[in-house]
Every structure is written in structure tokens, then in C-alpha cells.
Amino acid sequence: MRMAFIPLTSSPHHHSLSGFHRTPLTCTSNSTPSSSSSTSRRPLSQPITADSFRHPIDIRATRLLKSLFPIEFLLRNILSIAEYSFYLDNLSSGVLITSTQLPHIHSLLTSACNSLNLKTIPELYIRSNPNPNAYTLAFQGRRPSIVLHSSLIDILSETELQAVLAHELGHLKCEHGVWISMANLLVLITESVGFNMVFIERVKSAVSQWVRSAELSCDRAALIVVKDPMVVVGVMMKLSGGAGGSGVVGKLDVKEYLKQVELYEKESKSTLGWMYRRSMNEGMSTHPLPVQRVKELIKYSESKEYKALLNE
């Protein structure tokens, strides 16, 4: 059975046992936020738990699956084997970031871990790849780790890079690799047992909705760490329309991108727009549309729930 990572950028959905994620990033501003903004932050009002920032759909699905502890035990053992293979692959083909190897990036990681109350700092690797992305196994085993593509580092400011790291740490904090793997396994069981096709499609749709909600949870984790929604929006904008060395990245404007988000909201209210939006939401995509992620993030940044975390 094929295993799949949780990418930073959207990729076709696979019914995989491990359910790793990669999450797309797509935003940046004309005036790139300085790295100093990541250090001048107000302390959080309380220690962060996974449920502190989970999307409501993510919370409900996870609590339901936690009741199936025999399957959880089996999956954790399988994922521990996958984790070691992941470790060897990165150790052999990537560059390990430490306090003495690119220490400024390692510092961004440790700071984000502290903000999200993660006791274990995951290993961080850079791998050469022209496609800007980041991913994690999303499993807090013996060797949790995150991988950054070299091209991603090239197009982001330090604060934006920390937002990416925080997003991936959100997956680790929530252990999405465990719970989404379990959900995918249950889908396979319903298919093999021979349930009614209508029921199977509803289960698949529910799992896909949850996977997309998990990405929204981790966008929230990024916001909790950098405390500036425009930084996270900037990441999404850059991943959507930037490219290293093109000269375009530094000229992208977050405010203009937000106008585009509002335009999409307006256009999606038409009959054709509504049909398109529904087809994307009900499809098997692992990630919400970038403009929808931005809309959800801005909404969360203005919520009482988020402001309570910041003790505002």
C-alpha cells in the first residue's frame, strides 16, 4: 500500500495508510516582513494544546477516531517503521539543519516549537528541489522531522519561513499522520467489505473535508507563531504565483492579493462560480483553494478564540 506525505502544496489525494501532508504556501508582500518581527511578540495567555487551534471539523473527527485505540496502536507501530525509513532517506540525501549548520533557520524552528508548546524539537532537513514545498510525517515518534525544499527557502523571508515551519509543526502537534491514516484505512475497509457505493462516496467526501480542515488547523498554528496574518497570507501568495530567480517574488503585494480573494468570493456567488466552488470542495483535493485558506485565516485572526490565546 502506498504511503503519502502531507505536502505544503496541494497534491492529488491518495488513499494511503500513512496520510502524510504537504501544505501549499502562497503569499508575500511588496515589503517583505523583516525577520525581527518573529522575535518581538507578546507571550501567549496559556500553553498551547492541539485543540487550541484545531479547526472544528478536525476536532470532531480526531475525537471520534481516538475511540478506536486498537487500530491506533497498530498504525503507530507501522508509522514507526515508516519514520525510520524517512529518517534514513533524509540523512542520506538531505542536509540536516542544526544549531551549528544554518543556525538562523534552526533558531526559527526552536522558537516556533516553544510557541506551540512542543517538547521535542523535530529534525529539520533541506533537500534540493525546484518545487517550493515542505512536508512532515506528522507523527510524534522517536524521530519527528520536517523537510524543506531548497527552492522554498529561496523565495521566503525568515518570518515567512518560520510560518511554514509552524504550519508543519501544527501537523506534528496534531499528529495528523496518525489520524488521517486511520481514516484512510477505514475508507479502504468500507470499500473491501462492499458497502453501498453511495455510502462509500459519502465516507470519502467526509474524509476529504477533514483533510482540508486539517490544513486550516495548521494555518492557524502558523498564525499563532508569527502573530501576523499578512505574513501567512504572503506565504500562500508566493507559493501560488512566485518563483525563485524570476524577479516576481519581491514585487508581489499582499494587499492586492487580498483584493483578489474578495473578487473570488464575489464571483463564486454566481451560478457557475458556485458550481465550481462546490466541485472543488467536494472533490478529492487534499488542500482547500489558496483563496479559501486566506479567507479562513483572516476570519480566524479576527475571532475571539484567537484573541483569547493572545490574551487581548
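Up top is the structure.
Here the structure is a predicted model, which means the values were calculated and not measured. (Residues numbered from 1 in each chain as written. Predicted model: local features only at pLDDT ≥ 70, side-chain atom pairs only at ≥ 80, totals over all residues. Heavy atoms only, no water.)

> Can you tell me about the overall build of the chain, naming the residues and giving the values?
Per the secondary structure count, the chain includes 12 helices and 6 strands. Relative to its 312 residues, the chain shows a buried fraction of 52%. Of the contacts formed within the chain by residues at least 6 apart in sequence, a portion of 75% connects residues at least 24 apart. For the chain, the computed accessible surface area is about 14400 Å², with 57% contributed by carbon and sulfur atoms. (Helix = DSSP H or I, 4+ residues; strand = E, 2+ residues; numbered from the N terminus. Buried < 20%, exposed > 50% of the residue type's maximum accessible area, 1.4 Å probe, protein only. Contact = heavy atoms within 4.5 Å. Areas by Shrake-Rupley, 256 points an atom, 1.4 Å probe, with all protein chains shown as cover.)

> How would you explain the pattern of salt bridges if you had to name every residue and give the values?
Following the criterion strictly, the structure yields 14 salt bridges and no others. Between arginine 63 and aspartate 51 there is a salt bridge, and its shortest N-O distance comes to 3.2 Å. A residue pair is termed long-range when its members are at least 10 positions apart, and arginine 63 in helix H1 (residues 56-66) and aspartate 51 in the loop between strand S2 (21-22) and H1 qualify at 12 residues. According to the relative accessible area criterion, arginine 63 is exposed, its value standing at 55%. In this structure aspartate 51 comes out as partly exposed when scored by relative accessible area, which is 35%. The salt bridge involving lysine 204 is made with glutamate 201; its shortest N-O contact spans 3.8 Å. Note that lysine 204 and glutamate 201 are positioned in helix H7 (residues 197-226) at a spacing of 3 residues, about one turn of the helix. The exposure class assigned to lysine 204 is buried, which follows from its relative accessible area of 14%. Salt bridges sharing common partners tie together Asp51, Arg54, Asp58 and Arg63. (Salt bridge = Lys/Arg side-chain N within 4 Å of Asp/Glu carboxyl O.)

> Lay out the pairing of strand S6 (residues 145-149) with the relevant residues and their values.
In terms of residue burial, S6 counts as a mostly covered element, since 5 of its 5 residues are buried. Burial along S6 is two-sided: the residues Ser145, Val147 and His149 and Ile146 and Leu148 are all buried. Both strand S4 (residues 123-127) and S6 contribute to a ladder of 5 bridges, which runs parallel. Counted as the bridge partner of arginine 127 is histidine 149 from S6. In this structure, strand S5 (residues 134-136) lies alongside S6, joined through 3 bridges in antiparallel fashion. The residue bridging tyrosine 135 from the neighbouring strand is valine 147, located in S6. (Pairing = 2+ DSSP bridges.)

> Hey, could you go over helix H8 (residues 229-241) for me, with residue numbers and the actual values?
With 13 residues, H8 should cover 18 Å at 1.5 Å per step; its first-to-last C-alpha distance of 18 Å lies within 8% of that length. Taken together, the buried positions of H8 are Pro229, Val231, Val232, Val233, Gly234, Val235, Met236, Met237, Lys238 and Leu239. Looking at the buried positions of H8, the neighbouring elements they touch are helix H4 (150-155), helix H5 (158-174), H7, helix H9 (254-267) and helix H11 (290-301). Residue aspartate 228 occupies the N-cap position of H8, its side-chain oxygen lying 3.0 Å from the main-chain nitrogen of methionine 230. (Expected span 1.5 Å × (residues − 1). Polar contact = N/O pair within 3.5 Å; in protein donor to acceptor, adjacent residues only side chain to side chain.)

> Residue-level account of the packing of aromatic side chains, with values.
Each pair of aromatic rings is reported with the distance of its centres and the angle of its planes. Going through the model one piece at a time under the given rule, you end up with 4 aromatic pairs. Between phenylalanine 86 and tyrosine 135, the aromatic rings sit 6.2 Å apart at their centres with planes inclined by 45°, giving tilted as the arrangement. Taken together, the positions of phenylalanine 86 in helix H2 (residues 69-93) and tyrosine 135 in strand S5 put the pair 49 residues apart, joining distant regions of the chain. You can call tyrosine 135 buried: its relative accessible area is 6%. The interplanar angle of 50° and the centroid separation of 5.4 Å between the aromatic rings of tyrosine 300 and tyrosine 306 together place this pair among those described as tilted. Tyrosine 306 matches tyrosine 300 in its accessibility class, with the two residues each being buried. Over the ring of tyrosine 87 we find arginine 143; its NZ or CZ atom is 4.0 Å from the centre of that ring. (Phe/Tyr/Trp six-rings, centres within 6.5 Å; stacked < 30°, edge-to-face > 60°. Lys NZ or Arg CZ within 6 Å of the ring centre and 35° of its normal.)

> For a nonpolar patch on the surface, give the residues involved together with the corresponding values.
Residues Ile189, Val193, Phe195 and Phe199 make up a contiguous nonpolar surface patch of roughly 360 Å² in combined accessible area. Mapped onto the elements, phenylalanine 199 comes out in helix H7. (Patch = residues over 30% accessible without salt bridge, like charges linked within 9 Å, V, L, I, M, F, W, Y side chains within 5 Å.)

> How would you summarise the side chain of lysine 173 if you had to cite specific residues and measurements?
Locating lysine 173 in the fold gives a position in helix H5. Among buried Asp, Glu, Lys and Arg side chains, lysine 173 stands out as unpaired, with aspartate 51 the closest opposite charge at 10 Å. Polar contacts involving the side chain of lysine 173 include one to the main-chain carbonyl oxygen of isoleucine 48, which spans 3.1 Å. Of the polar contacts made by the side chain of lysine 173, one reaches the backbone oxygen of leucine 116; its length is 2.9 Å. (Lys, Arg positive; Asp, Glu negative; His and termini not counted.)

> Got a sec to walk through the pairing of S4? Specific residues and values, please.
Burial analysis of S4 places 4 of its 5 residues in the buried class, which makes it a mostly covered element. Pairing of strand S3 (residues 95-97) with S4, which is carried by 3 bridges, proceeds in the antiparallel orientation. Within the sheet, the bridge partner assigned to leucine 96 lies in S4 and is tyrosine 125.

> Can you break down the environment of leucine 297 residue by residue, with the values?
For leucine 297, the position within the fold is in helix H11. Along the chain, leucine 297 and aspartate 219 lie 78 residues apart, while their C-alpha atoms are 6.9 Å from each other. Among all residues touching leucine 297, those that are not within four sequence positions of it are Asp219, Arg220, Leu223, Pro229, Val232 and Val233.

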